Amino acid sequence: MRLSSLLLPTEREPPSDAEALSHKLMVRAGLIRQVGAGLWSWMPAGWRIHQNVVGVIRSEMDAIGAQELLMPTITPAELWKRSGRYDSVDAELFRFQDRKGADMILAMSHEETLTFHIAHIVRSYRQLPLQLYHFQTKGRDEARPRAGLLRTREFIMKDAYSFDRDEAGLDVAYEAQRAAYHRIFARCGLEFYECESDVGMMGGSGAHEFMAPCAAGENDVALAPGYAANVEVASADPQTVPPLREDLHGELHTPGQSTIEALAAGLDVSAGNLLKAFPIVTESRGLTMLFLRGDHRVNEVKLATQLGEPFRPATEEELTAAGQVPGYLGPNPDLPSLYDAALLPGRYVAGGGRPDTHVVVSLEVGRRIDVRTVEAGDTIDGTPITIEPAIEIGNIFKLGTRYSEPMGANYLDQDGKSRPIVMGSYGIGPARVAAAVAEQQGDERGISWPRELAPWDVELVAIGKSGTPEREAADRLYEQLAASPLDVLYDDRDAKPGEKFADAELLGVPLRLTLGKRSLDSGRVEAQRRRGLQDVEDGIALSDAAAQAEALWRELP
RNA sequence: CGGGGCGUGGCUCAGCCUGGUAGAGCACCGCGUUUGGGACGCGGAGGUCGGAGGUUCAAAUCCUCUCGCCCCGACCA
């Protein structure tokens, strides 16, 4: 490809509204252009990268026996009404009506559609197991699109679905996908973590997210050797606090000290010596008191999981009606109480149930639930954890019979008995993969694509204007490279060398060859690896440049 | 949905407070000189100042409404 005829709209400056590195660089490199909030077009070079990610995923999906198909984005709402998601998903679902007034949606994933087909097609255990996948545009009316490609309202997703006779079959499919994901992200040159993730209110017996650490990531991941978990579900041992001052006993007069900060300061104790009350209301339990160590925060995802039902914070009115005093809440025999696992037996200051009063209480050993948010410095097996921002690039999820039951996807087993198919689902966003690479491999000059994803294998930069011997030599070298197994981009523009180098570094093709008068005179071609802007000493011989470039390329990341 | 910010030529921005009929740099077109890290000279093209309404002799500038985009938070099958 000759750069002079390529639509590669590079920019010297990033768009004024860009903050994330990948957003700035991908726009500057001419890979993507914005259409609207969370809506992006791929320019030709960018689309080649996207297609390369797709190619990596496709090859690994095919390698584990998954079969590619294609289902439509526009979906009759009827299917989603059957699964219950038409009502449960709410505002994030794009909804519209066709000309006949029938309710339609833009699918945000395809569990319903594929399960609907499988329900019609699969009758017997002999037809199972199956794994199917597609690449398709997904619509999600995100409340807040952000950071270029990291959170968009329309994006292509690879989603795969497994269909098995039983849980044991699901485990096999899940493991195959899990292993394929490791190969995919490794081939894409990403640093990533497989993290335990929330299985949500849908139940399901397991879920993992694949997280690529980067500054613009919108999830937090807790990390320790051998451990990686989304902070939403992470568990760790709390940092210790010194015991409560010996001289504090019984009732304490604490006027106006209705917050943890004020109370800790007023009593001159650590926030960890306090008992923090978090009153909640749930459907089945009503008003319930949850207690945590004063310096800890509730993790709402973990709490909902522990409760097994949704909850909301209690209102002041509800507390008052129950005879409680907001700001001075403490253990109370009249209300059901829950205690966080970080509350070791010992003495704590708790609300006294009356205004301006706290009491010292002794917590005994008792039932605990783990519902607090972990913090950097907490430990796992004695090792402190760190918390890093990361972007979710893929997930795998054991669905069980969540969709097969409502969609009527059953099969007859060997005994002629009807059973629901056991399912899993497995998603990857290629655009996020590309953006995560840009985040991790971007520098102030541009992006450094790994071989597997790069839009071209090698970029040839010609120095010197057309008609000169060095340009004619570059033209000939381009022809040789074009005939080689390498995909070559030829910067044949009549531009200053500095502009060509700057554009090459922005675009991030892994190997750059430079041919000008200087190199022509010495019979060499300069070669530079984009990763680390590392020059190949003395370049390569012009007479054998195509073969040597290929050899160099094979050793690149 | 709450809070904050921004819409002026393709891009990045100034001008707005204090109203007087639109500017810079880069990019673009022509000619010439240049050619190993984003050149220079001369000439040129390009903007209903997001939109609507209002105030005024006069609105990019003041007022009202509205649309769009970004950031923080909430939300995120």
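Residues numbered from 1 in each chain as written. Chains lettered and ligands numbered in written order. Predicted model: local features only at pLDDT ≥ 70, side-chain atom pairs only at ≥ 80, totals over all residues. Heavy atoms only, no water.

Draft legend 1. Quick look at the overall build of chain A. What chain A contains, in helices and strands, is 15 helices and 31 strands. Oriented by its inertia axes, the alpha-carbon framework of chain A measures out at about 95 × 65 × 45 Å. Looking at chain A as a whole, 52% of its 557 residues qualify as buried. Excluding contacts between residues fewer than 6 apart, the proportion of contacts in chain A whose partners are at least 24 apart in sequence is 68%. (Helix = DSSP H or I, 4+ residues; strand = E, 2+ residues; numbered from the N terminus. Buried < 20%, exposed > 50% of the residue type's maximum accessible area, 1.4 Å probe, protein only. Contact = heavy atoms within 4.5 Å.)

Draft legend 2. The sheet that holds strand 14 (residues 275-282), seen in detail. Judged by pairing direction, the sheet is mixed, and its four strands sit side by side in the order 16-14-15-17 without closing on themselves. The open sheet has two free edges, formed respectively by strand 16 (311-313) and strand 17 (337-339), since each of these has just one partner strand. Each neighbouring strand pair of the sheet contributes to a mean axis angle of 35 degrees, computed without reference to strand direction. Relative to strand 15 (residues 286-293), strand 14 is paired through eight bridges, and the arrangement is antiparallel. Counted as the bridge partner of V281 is L287 from strand 15. (Pairing = 2+ DSSP bridges. Axes fitted to C-alpha atoms, helices over the stretch in contact; angles between N-to-C directions.)

Draft legend 3. Inspection of the protein's contact with RNA strand B at higher detail. Taken together, 42 residues form the shell around RNA strand B, and within it R144, R151, E499, E505 and E526 come nearest. Considering RNA strand B, the proportion of its atoms within 4 Å of the protein that are sugar or phosphate atoms stands at 52%. A distance of 2.9 Å is found between a phosphate oxygen of RNA strand B and a side-chain nitrogen or oxygen belonging to Q34. At a separation of 3.3 Å, a sugar or linking oxygen of RNA strand B approaches a polar side-chain atom of R85. Of all elements in the fold, only strand 1 (32-36), helix 13 (497-507) and helix 14 (517-522) reach the threshold of two or more residues within the surface near RNA strand B. Looking at the surface near RNA strand B element by element, the count peaks at seven residues for helix 13. Looking at the surface near RNA strand B residue by residue, the classes come out as 15 nonpolar, six polar and 21 charged. (Near = heavy atom within 4 Å. Polar contact = N/O pair within 3.5 Å; in protein donor to acceptor, adjacent residues only side chain to side chain. Nonpolar A, V, L, I, M, F, W, Y, C, P; charged D, E, K, R; others polar.)

Draft legend 4. Looking closely at the domain arrangement of chain A. The assigned domain composition of chain A is domain 1 (46-72 + 107-234 + 387-440), domain 2 (251-363) and domain 3 (456-554). Distance between the C-alpha centres of domain 1 and domain 3: 40 Å. (Domains from an automatic or database assignment.)

Draft legend 5. Seen up close, the pattern of salt bridges. Taken as a whole, this structure holds 33 salt bridges when the rule is applied. Where R85 meets E112, a salt bridge forms, and the shortest distance between an N and an O atom there is 2.8 Å. With R85 in helix 4 (residues 85-88) and E112 in helix 5 (residues 111-121), the pair connects residues that are 27 residues apart, well separated along the chain. Assigned by exposure class, R85 and E112 land together as buried. R445 is paired through a salt bridge with E505; the nearest N and O atoms lie 3.2 Å apart. With R445 in the loop between helix 11 (430-441) and strand 26 (458-462) and E505 in helix 13, this pair connects stretches of sequence that are 60 residues apart. For E505, a relative accessible area of 10% corresponds to the buried category. Linked through salt bridges whose partners overlap, the residues forming this network are E142, R146, R151, E218 and R432. (Salt bridge = Lys/Arg side-chain N within 4 Å of Asp/Glu carboxyl O.)

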